[in-house]
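What follows is each chain in one-letter form.
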Amino acid sequence: SISTSSNALQYRLGETASVGGTLGVSYVDVNPGVNMAAVTPSGSFAWAVSPRLTMSASAGTDYRWIFSRGVKSPSTPVFQLGGSYQLFDHTSFNASASRSISPSSFRNQLLDGTSWTLGFGQRLLGVIQISGSVAGQISGYKASRLGVEAGRKDDSYVYSLNAGTT
């Protein structure tokens, strides 16, 4: 089971920007497996550069305690970046990237993942909405218990194209 709590503070800097901070705390009871706890402080910044361009970023460190003898508890940099641009009234582009760490689906391992997405949206003839994206993820695995083989790395990609009416 997973127990989490997160508290955030956001401060607006005029009409177009804001800064903030978040403190996340979690405890993971892995059965079967090794239990762990984490504290993740992070800072964030958002900016509407213009009416058509927005950007956001957050970065912090995941401090993780693994309750298993002899296993080093990792400190991992984490981040989220994002942006969107509206080229015309009915044409938009977006991009994002992130890095996170979490318990893996594999017993006694952590998942260290970095991902990215590029996307677009277009409305045609006032009623047809087309959107698409390409995304990638690099997943690395780390042992959370002595004697566990880890180090596997997976790369995955997703392509999406959607159409519908508005």
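About the cut-offs
Residues numbered from 1 in each chain as written. Predicted model: local features only at pLDDT ≥ 70, side-chain atom pairs only at ≥ 80, totals over all residues. Heavy atoms only, no water. Helix = DSSP H or I, 4+ residues; strand = E, 2+ residues; numbered from the N terminus. Rg over C-alpha atoms; globule rule 2.2 N^0.38 Å. Buried < 20%, exposed > 50% of the residue type's maximum accessible area, 1.4 Å probe, protein only. Areas by Shrake-Rupley, 256 points an atom, 1.4 Å probe, with all protein chains shown as cover. Polar contact = N/O pair within 3.5 Å; in protein donor to acceptor, adjacent residues only side chain to side chain. Salt bridge = Lys/Arg side-chain N within 4 Å of Asp/Glu carboxyl O. Pairing = 2+ DSSP bridges.

S.K.: What is the right way to look at the overall build of the chain in this model?
M.R.: Along the chain, the regular secondary structure elements total zero helices and nine strands. In the chain, the succession of helices and strands from N to C terminus is β-β-β-β-β-β-β-β-β. Since a compact globule built from 166 residues should have a radius of gyration of about 15 Å, the 20 Å found for the chain marks it as more spread out than a globular shape. Its C-alpha atoms put the chain at 60 × 35 × 25 Å along the principal axes. Taken across its 166 residues, the chain has 22% of its residues classed as buried. Surface summary for the chain: the accessible area is close to 10,500 Å², and the carbon and sulfur share equals 58%.

S.K.: When you look at the environment of Asp 62 in this model, what are you seeing that I'm missing?
M.R.: Its location among the elements puts Asp 62 in strand S4 (residues 53-66). In the structure, Asp 62 is positioned 42 residues away from Ser 104 in sequence and 15 Å away in space, judged by C-alpha atoms. Within the local environment of Asp 62, its side chain forms a polar contact with the side chain of Arg 64, the two groups lying 3.1 Å apart.

S.K.: I would appreciate a short explanation of the pattern of salt bridges in the present structure.
M.R.: Pairs can form between side chains of opposite charge whenever their charged atoms are close. A complete count under the given rule lists five salt bridges for this structure. In this structure, Arg 52 and Asp 89 form a salt bridge, with 3.4 Å as the shortest nitrogen-oxygen distance. In this pair, Arg 52 sits in the loop between strand S3 (36-50) and S4 while Asp 89 sits in the loop between strand S5 (75-88) and strand S6 (91-103), placing the two residues 37 residues apart along the sequence. Accessibility expressed as a relative area gives 34% for Arg 52, which makes it partly exposed. Overall, the relative accessible area of 57% leaves Asp 89 in the exposed class. Note that Arg 99 is salt-bridged to Asp 112, the shortest N-O span being 2.7 Å. Taken together, the positions of Arg 99 in strand S6 and Asp 112 in strand S7 (residues 109-124) put the pair 13 residues apart, joining distant regions of the chain. Salt bridges here are not isolated pairs; linked through shared partners, they connect Arg 99, Asp 112 and Lys 142.

S.K.: Teacher, can you tell me more about the pairing of strand S1 (residues 2-13) here?
M.R.: Within a regular strand, side chains alternate between the sheet's two faces. For S1, the buried fraction is low: zero of the 12 residues fall into the buried class. Note: S1 against strand S2 (residues 17-28), 12 bridges, orientation antiparallel. By the bridge assignment, Leu 9 is partnered in S2 with Gly 21. With antiparallel pairing between neighbouring strands as the criterion, S1 and S2 make up a hairpin whose turn holds three residues, including Gly 14 at a positive phi of roughly 80 degrees.

Geometry only, nothing functional implied.
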